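# Summary of structural features
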Amino acid sequence: MDWSTVASLATAAGTLILAVSTFAAVRSANRAARVAERSLLVGLRPVLVPARYQDPPEKVGFADAHYLLARGGRAAVEVTDTVIYLAIAIRNVGSGLAVLDSWSLSPNAQMGDTPHAGLDSFRRLTRDLYVPPGDNGFWQGALRDPSDPLFAATRDAINDGRRMTIELLYGDHEGGQRTISRFGINRREDGEWLAAVSRHWNLDRPDPR
C-alpha cells in the first residue's frame with residue numbers, strides 16, 4: 001500500500017468535505033439573510049386604501065390658503081376658474097410609514113388591467129405627505145394652469161360627474177418599496193365623490209399578483 005497516495009486521497013477527501021460544508025453553510029446564511037431582509041421590509045411596508053366611511057374627516061390646506069374637507073371613504077373636489085382642487089381621505093393598512101411622493105391624474109376611468117401611468121407623467125407633491133401605519137391621512141393635488149389640456153379635460157369630467165382615476169406614488173420612510181396605488185373617484189347623485197382603490201403596483205420588487 002502506497003501510504004503517500006492514501007494520505008493524498010484522504011487530504012483531498014477532507015478538503016472536498018470541508019468545501020461542501022462551507023458551501024452549505026454559506027447558502028444557509030444567505031437564505032437566512034434574505035428571510036431577515038424580507039421580514040424587515042414587510043415591517044416597513046405601507047399600503048394605502050381609502051379611509052373608512054366612519055373615519056373622521058381630514059381638513060386639507062393648500063399653499064394658497066384654500067381648504068377642503070375630505071371625509072372618510074370619499075374625495076373632495078372643487079373647481080374654480082384658475083384652480084382645480086382635489087383631495088382623498090386615505091388610510092394606511094400596511095405596517096410601515098407611508099411617504100407620499102407624487103401623483104398622476106386621468107380624467108377617465110382606468111380599469112384594473114390597464115397599466116399604470118408612466119413615471120414621467122407623475123406630478124411631484126410640493127411637500128411630502130405622511131400616513132402612519134394603521135392610521136389615517138390624506139392626499140391632495142391641484143391643477144393650476146388653465147392652459148394645460150389636462151385642466152380642461154378634468155374640469156369637464158368633474159362637471160359631467162364622470163369617474164376619474166388618480167394614481168399615487170409612495171414608499172417607506174427609507175425611500176424604498178416604491179408603490180403605485182390606483183384610486184378611482186366617482187360622483188354620487190347627491191354630489192359627493194366616493195373613493196375606491198383598485199390596484200397596487202410594486203416598483204422595486206415583483207408585483208403581488
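Throughout what follows, the structure given in this document is the object of discussion.

The rules behind each value
- Residues numbered from 1 in each chain as written.
- Predicted model: local features only at pLDDT ≥ 70, side-chain atom pairs only at ≥ 80, totals over all residues.
- Heavy atoms only, no water.
- Buried < 20%, exposed > 50% of the residue type's maximum accessible area, 1.4 Å probe, protein only.
- Helix = DSSP H or I, 4+ residues; strand = E, 2+ residues; numbered from the N terminus.
- Pairing = 2+ DSSP bridges.
- 1 Å grid on protein atoms, 1.4 Å probe; cavity = no way out; pocket = protein on both sides within 12 Å on 5 of 7 lines; lining within 4 Å.
- Points joined across faces, edges and corners; volume = space filled by probe spheres on them.
- Salt bridge = Lys/Arg side-chain N within 4 Å of Asp/Glu carboxyl O.

## Quick word on the pairing of strand β3 (residues 67-70)
Burial of the side chains of β3 is restricted to one face: L68 and A70 are buried, whereas none of Y67 and L69 on the reverse face is. Here strand β2 (residues 58-61) pairs with β3 via 4 bridges, running antiparallel. Among the inter-strand pairings, K59 is bridged to a residue of β3, identified as L69. In textbook terms, the turn of a hairpin is the stretch between consecutive antiparallel strands, and for β2 and β3 this stretch comprises 5 residues, one of which, A65, has a positive phi near 65 degrees.

## Side note on the layout of surface pockets
Computed from the structure, the largest pocket encloses a volume of approximately 260 Å³. Taken together, 14 residues line the largest pocket, and the ones lying closest to its centre are F62, T126, G141, A142 and R144.

## Here we look at the pattern of salt bridges
The full count for this structure, using the stated rule, is 13 salt bridges. With a shortest N-O distance of 3.3 Å, R124 and D128 are connected by a salt bridge. A salt bridge links D160 to R162; the shortest N-O distance between them is 2.8 Å. Linked through salt bridges whose partners overlap, the residues forming this network are R74, R188, D190 and E192.

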